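# Close look at the chain arrangement
Single-letter residue listing:
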Amino acid sequence: MLKLFNSLTQRKETFKPIEDGLVKMYTCGPTVYYYQHIGNMRAYIFMDSLRRTLKYNGYKIKGVMNVTDVGHLTSDEDSGEDKMELAAKRENKNPYEIAKFYADIFFKDLELLNIDIPENITYATKFIPQMIDFIKGLEQKGYTYQISDGVYFYVQKFPSYGQLSQKDLSKTGNARIEENLDKHHPFDFALWKFVSPNHIMKWDSPWGVGCPGWHIECSAMGRDLLGDRFDIHTGGIDHKTVHHEDEIAQNDALAGHRVVNTWIHNEFLLVDGGKMSKSLGNVYTLNDLKNKGFEPMDFKYFCLNTHYSKKINFTFEGLKSSSAGLKNLKTLVIEHFNGKEKISDENLAKYKEDFLNAINDDLNMPLALGVLWTMLKTEKRSKQVFDLVGEFDRALGLNLTVFEEQKEEDIPNEIIQLANKRQVARNNKLWAESDKLRDEINSLGYKILDKKDGYELIKQ
Ligand code: AMP
Ligand code: ZN
C-alpha cells in the first residue's frame, strides 16, 4: 500500500489512482532562461523517486512536465521584467534561442542523473491556443476581469482560494498590489498580460496582443493532456503559496470540481545553510560539481539520503562523504556480483518487504537505502543479493549494477576480494592499507589499475 503526503489535506493518504493501474501526473518543469541549479535538480530527483516508486508498485504513468519557454515575469506575482526577454538581451540572442539552449542542457542533466523523464514534455509556446481557450472558459463563467495591463482572475469569486497554503483572503498581510492599483484584490493574478509592441514573444488573443500568465500555462497543459481530473501534481515548496494556489483556482473554477487529487511538494536544497545566491557565488549547477571531480550520481545519492519533505543543506564536505559512501556501496555490489553463496529465501523476502515498506511510506528513500546497506553488509557474498540490488535500483535509479565486469574466469576470487578490500581502503583514504593490499595483489601475479569508477585487474 503506497502512502503519500498530500499537501492539500496535510495528511499522509493511501494512494489510489482515479483509473485502475494508471497514474496521471503533472510536474512543474523548468523556466529555461538560465541554467538549472542543483536546487532545481533536487525537485526532479524527487519526481524521479515518485515515478520510480509508482512503477515499482506496478502502475503505468501518464506524466506531463512543462518547459516554460514563454517569459513570465521576474517575480511570482505579476510585476517585473520578462525573464526570457531579459536573458535574450543579456546574451544577444532571441528568446527562442535562449529557450532551446537552456532546455537542451536541462535534459542532458536529467539524463546524467538517470532521471525517469515524463512521457509528455510540453513547451508553453506550443500551447497558446489551449491557454486562450482556458481563459475564455473562465471568462464565460465570470471569473475574470480586464484592466489596462491585462486580464485577471478574480479570487474573491472563488471562495476556497488559499486552501493549499492556508491563505486567508481577508488577511493580505504585506501582499502588495504591486504597481497595478487597478487589481480588485492583491491576490488576483494575471491570466493574460498585454505587452508593448517591441516585446518579441507575443500572441494575438480576444483581449489584445500579449502573453499568457505563468499559472495558466500549467493549468492549460494539464487539462489538455490529463483531462479535468487527475491524480498527482508535483513541484517545489516555493510554488505552493502562489503558483499552485492559482493553478487550483483556475482548474477548479473552470471544471466546477476538484481537478487534482494529490499535491506533493519537495522541500528546498540550501547551500551552506542558506538560499543559493548569485552574490554569494554559490549557485551551483551539476556541471560545477563535475568540474570539482564529482559524478552526477554522487549528488543524486546525496539527495536520496534526506527525505524529500525535509530541507537539505548542501556542502562540498557533505557531497564528498556521499561520494565515498556511494563508492563503498558499489564495491559491495561488485563483491556480491562475484559471490557464490546461497542466501535463504526467508532473508531475501524480508529485505524485499522492508524495502517496499520504506519506499511506500511516502518515499522514504533514506530508510530504503538503509535496507540496502544492511543486506549488502550482513549477507554472504551472493549473486542473489546482486540481483535484488538490481530490483531495488529500479526505485532508486542510482545505476548500482552498472559497472565494468571483470573477466571472472581469468581472475581468482581471492584476488577480487583483495582488490575490493583495497577499494574500500582507498575510498576511506587509508592509503597505507591500500598500498599494502596492492603489494599483496602484485605478489600474487596481478596488476591493479585504478579507474574513475573502480579498478581493473590485469594478469601479469
Ligand atoms: P523554476 O525553474 O524556478 O520553476 O524551478 C524548477 C523547479 O525547481 C520547481 O519545482 C521549483 O520549485 C524547484 N526549486 C527551485 N529552487 C529549489 C531549491 N533550492 N531546492 C529545491 N527545489 C527547488
Ligand atoms: Zn507549474
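Scroll up for the structure.
Each chain carries its own residue numbering, running from 1 in the direction its sequence is written. The lettering of chains begins at A and the numbering of ligands begins at 1, in the order of writing. Owing to the predicted nature of the model, reporting of local features is limited to residues with pLDDT of at least 70; listing and counting of side-chain atom pairs is limited to 80 or more, with chain, interface and lining totals taken over all residues. The side-chain values count all of the structure's non-hydrogen atoms but skip hydrogen atoms and water molecules.

## Focus: the sheet that holds strand β9 (residues 210-212)
If DSSP finds at least two bridges between two strands, the strands pair. A run of DSSP states H or I qualifies as a helix once it reaches four residues; a run of E qualifies as a strand once it reaches two. Both are numbered from the N-terminal end. Spatially, the four strands line up as an open sheet ordered β6-β7-β8-β9, and their pairing is antiparallel. Whereas interior strands pair on both sides, the edge strands pair on one side only; in this sheet they are β6 (144-147) and β9. For this sheet, the mean inter-axis angle between neighbouring strands, taken without regard to orientation, is 25°. Pairing geometry for strand β8 (residues 189-194) and β9, over three bridges, is antiparallel. Lines are fitted to the C-alpha atoms to define the axes, a helix being fitted only along its stretch in contact, and any angle between axes, read from their N-to-C directions, falls within 0 to 180 degrees.

## Thoughts on the coordination of the zinc ion (ligand 2)
For Na, K and Ca the donor cut-off is 3.2 Å, while for other metals it is 2.8 Å, and in both cases only N, O and S atoms qualify; water is not among them, so sites may look incomplete. Note on the zinc ion (ligand 2): its protein donors are Cys28 (SG), Cys218 (SG) and His243 (NE2). The metal-donor distances range over 2.0 to 2.2 Å. Within one chain, the residues serving as donors to the zinc ion (ligand 2) are arranged as C-x189-C-x24-H. Separated by 190 residues along the polypeptide, cysteine 28 in the loop between β3 (22-27) and α1 (38-56) and cysteine 218 in helix α5 (residues 214-226) bring together distant segments of the chain. Owing to a relative accessible area of 2%, cysteine 218 belongs among the buried residues under this scheme. Throughout this description, buried means an accessible area under 20% of the type-specific maximum (1.4 Å probe, protein chains only), exposed means over 50%, and partly exposed covers the range between.

## So, the site of ligand 1
In the region of ligand 1, 17 residues are neighbours, and Gly39, Asn40, Gly236, Asp238 and Leu269 sit closest. N or O atoms closer than or at 3.5 Å make up a polar contact, with two conditions inside protein: a donor-capable atom paired with an acceptor-capable one, and, for residues adjacent in sequence, both atoms drawn from side chains. Between ligand 1 and aspartate 238, the relevant distance is 2.4 Å, taken from an oxygen atom to a side-chain nitrogen or oxygen of the residue. Residue asparagine 266 places a side-chain N or O atom 3.3 Å away from a nitrogen atom belonging to ligand 1. Under the convention used here, a 1.4 Å probe and the Shrake-Rupley method define accessible areas, while residue burial counts only the protein chains that appear. In the complex, the protein chains occlude 90% of the 490 Å² of accessible area that ligand 1 would expose alone. Near is defined per residue: the residue qualifies when any heavy atom it owns lies within 4 Å of the molecule or strand.

## Some details on the sheet that holds strand β4 (residues 60-67)
Strand order in this open sheet of five strands is β5-β4-β3-β10-β11, and the pairing throughout is parallel. Among the strands making up the open sheet, the edge pair consists of β5 (120-123) and β11 (260-266). Taking each pair of neighbouring strands and ignoring which way they run, the sheet shows an average axis angle of 20°. Bridge count for strand β10 (residues 230-236) against β11 is six bridges, and the pairing is parallel. By the bridge assignment, threonine 234 is partnered in β11 with isoleucine 264. Here, two residues are considered to be in contact whenever any of their heavy atoms come within 4.5 Å of each other. The strands that helix α3 (residues 95-112) touches are β4 and β5; relative to β4, the one it contacts most, it runs at about 145°. Packed onto the sheet, α5 meets β3, β4, β5 and β10 and runs at close to 150° relative to β4.

## Considerations on the packing of helix α2 (residues 83-91) against α3
Direction vectors running N to C along α2 and α3 enclose 90°, while the axes themselves pass 8 Å from each other. One finds that α2 runs roughly perpendicular with respect to α3. On α3, the residues that touch Met84, Glu85, Ala87, Ala88, Arg90 and Glu91 of α2 are Pro95, Ile98, Ala99 and Tyr102. Residues of the contact of α2 with α3, tallied by class, amount to seven nonpolar, no polar and three charged. In what follows, roughly perpendicular refers to angles from 65 to 115 degrees, roughly parallel to angles under 35, roughly antiparallel to angles over 145, and oblique to any angle outside these ranges. Three categories are distinguished: nonpolar for Ala, Val, Leu, Ile, Met, Phe, Trp, Tyr, Cys and Pro, charged for Asp, Glu, Lys and Arg, and polar for the others, with Gly belonging to the last.

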